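An overview of the molecular structure
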Amino acid sequence: GFSDAFQFDLALGQVATASNPSSSFAQSFLIPGNPTVRGAGTALFFSQPRGDALSTALRLSFGRVLAPDDRSGYLFGELLNTRELSKVFSVNLNPKVALSGSENLFGVGMGANWQFSKIFSLIPEVNIAAYGGAQSNYTLALRACPNQRLCVDLYGTNSLSLQDAGQLLTSETPVAGLNLTWKY
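One structure accompanies this document, and this report is about it. (Residues numbered from 1 in each chain as written. Predicted model: local features only at pLDDT ≥ 70, side-chain atom pairs only at ≥ 80, totals over all residues. Heavy atoms only, no water.)

1. Describing the side chain of T170
Note on placement: T170 falls in strand 10 (residues 170-182). By relative accessible area, T170 is classed as buried at 19%. Engagement of the side chain of T170 in a polar contact is seen with the backbone oxygen of S136, the distance being 2.9 Å. When near neighbours in sequence (up to four residues on either side) are disregarded, T170 contacts P21, Q135, S136, N137, N158, S159 and L160. (Helix = DSSP H or I, 4+ residues; strand = E, 2+ residues; numbered from the N terminus. Buried < 20%, exposed > 50% of the residue type's maximum accessible area, 1.4 Å probe, protein only. Polar contact = N/O pair within 3.5 Å; in protein donor to acceptor, adjacent residues only side chain to side chain. Contact = heavy atoms within 4.5 Å.)

2. Thoughts on the sheet that holds strand 10
In spatial order, the strands read 1-2-3-4-5-6-7-8-9-10; together these 10 strands make up an open sheet with antiparallel pairing. One side of each edge strand has no neighbouring strand; the edge strands of this open sheet are strand 1 (6-14) and strand 10. Ignoring strand direction, the axes of neighbouring strands in this sheet form an average angle of 20°. Across 10 bridges, strand 2 (residues 35-46) lies against strand 3 (residues 55-65) in antiparallel orientation. Following the sheet pairing, L44 is matched in strand 3 by A57. (Pairing = 2+ DSSP bridges. Axes fitted to C-alpha atoms, helices over the stretch in contact; angles between N-to-C directions.)

3. A word on the environment of L44
Position of L44 relative to the elements: it lies in strand 2. When its relative accessible area of 26% is taken as the criterion, L44 is described as partly exposed. Residues L44 and E125 lie 81 residues apart in sequence; the distance between their C-alpha atoms is 21 Å. Setting aside anything within four residues of it in sequence, one finds L44 in contact with D4, A5, R50, T56 and A57.

4. Let's talk about the pairing of strand 8 (residues 137-144)
Two strands pair when backbone bridges link them, and strand 7 (residues 120-132) and strand 8 are joined in this way by 8 bridges, in the antiparallel orientation. Bridge pairing links F120 to A144 in strand 8. Hairpin geometry of strand 7 and strand 8 is characterised by an intervening segment of 4 residues between the two adjacent antiparallel strands. Relative to strand 9 (residues 150-159), strand 8 is paired through 6 bridges, and the arrangement is antiparallel. Its bridge partner being in strand 9, A144 is matched across the sheet by V152. Turn length for the strand 8-strand 9 hairpin, with the two strands adjacent in sequence and antiparallel, is 5 residues.

5. Remarks on the pairing of strand 5 (residues 89-99)
When a strand is regular, its side chains alternate between the sheet's two faces. Where strand 4 (residues 73-84) meets strand 5, 8 bridges bridge the pair, whose relative direction is antiparallel. Bridged to E78 within strand 5 is K96. Connecting strand 4 to the next strand, strand 5, in antiparallel fashion are 4 residues. Turn length for the strand 5-strand 6 (residues 104-115) hairpin, with the two strands adjacent in sequence and antiparallel, is 4 residues.

Here it is as structure tokens:
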């Protein structure tokens, strides 16, 4: 990232064809079987380690599906609120919105992070649909961070994807997968 207070990320992804999303939003903006590219920025406003009551950041992203005859895109925003209850356990409450020219999604993510060893964390999350075509879903991840720059998640979920609007939509079939995060 650029600093501790502002991070930039670039994400490349693809929704599996087998996910059979029922959402018209997914059919228009996450077209299964086609790649997506998204750029995002996260600005930290409050930080519990710096003495604030909780950590709050705003993450905004924009991107497009890269289908042969469709380049539809949408704006995604998430207000990330985390409260560390101890050195090894935190909870979060994150309102999320996906805005397009034709359909909007809104939901609230609730989760926890239990760091049960120096390297491993268990992270359950549920996203509750609140408006539009959003669909409630869940994710359970086991995260391994061997150092401060690299984390690998082994997860199971029924969300359409772990990226942006995919967090507000449901896959017909639960999936398991790996997610790699590298901080530069």
